[in-house]
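Structural description and commentary
The chain contents come next:
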Amino acid sequence: MDIKRVKDYIYWLYYQYLLITCSYVLEPWEQSMFHTITVTVVAMVVYTAYVFVPIHVRLALQFFSQIFGGQPESTV
């Protein structure tokens, strides 16, 4: 892929984002506030998923392995 096609594709994705969120009708300062809040919320969701989802998955696997007759972990 050449640089122009990649640039056009990224521009198209950004345009789709503007259309989906209807933020193209906002003034520039409103758009920057909206984008800042959106990026902040997405970053917090990604961080929370990265930190807490593995812990809950591990606990769920331990719980279900005990229910379905798995071997208990050694306390040695």
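Scroll up for the structure.
What comes next is a walk through the structure. The shown structure was predicted, so the numbers you read here are calculated from the model rather than taken from an experiment. (Residues numbered from 1 in each chain as written. Predicted model: local features only at pLDDT ≥ 70, side-chain atom pairs only at ≥ 80, totals over all residues. Heavy atoms only, no water.)

The helix and strand tally for the chain stands at two helices and zero strands. The 76 residues of the chain split such that 5% are buried. In the form shown here, the chain has an accessible surface area of approximately 7100 Å², with 72% of it arising from carbon and sulfur atoms. (Helix = DSSP H or I, 4+ residues; strand = E, 2+ residues; numbered from the N terminus. Buried < 20%, exposed > 50% of the residue type's maximum accessible area, 1.4 Å probe, protein only. Areas by Shrake-Rupley, 256 points an atom, 1.4 Å probe, with all protein chains shown as cover.)

On to the pattern of salt bridges, then. All told, the structure shown has one salt bridge when counted by the stated rule. The closest approach of N and O atoms between Asp8 and Lys4, which form a salt bridge, is 3.2 Å. Within this pair, Asp8 and its partner Lys4 are both found in helix α1 (residues 3-21), separated by four residues, close to a single helical turn. The class for Asp8 is partly exposed, based on a relative accessible area of 40%. (Salt bridge = Lys/Arg side-chain N within 4 Å of Asp/Glu carboxyl O.)

On to the packing of aromatic side chains. Each pair of aromatic rings is reported with the distance of its centres and the angle of its planes. According to the stated counting rule, one finds four aromatic pairs in the structure shown. Ring pairing ties together the aromatic residues Phe63, Phe64 and Phe68, which thus form one cluster. (Phe/Tyr/Trp six-rings, centres within 6.5 Å; stacked < 30°, edge-to-face > 60°.)

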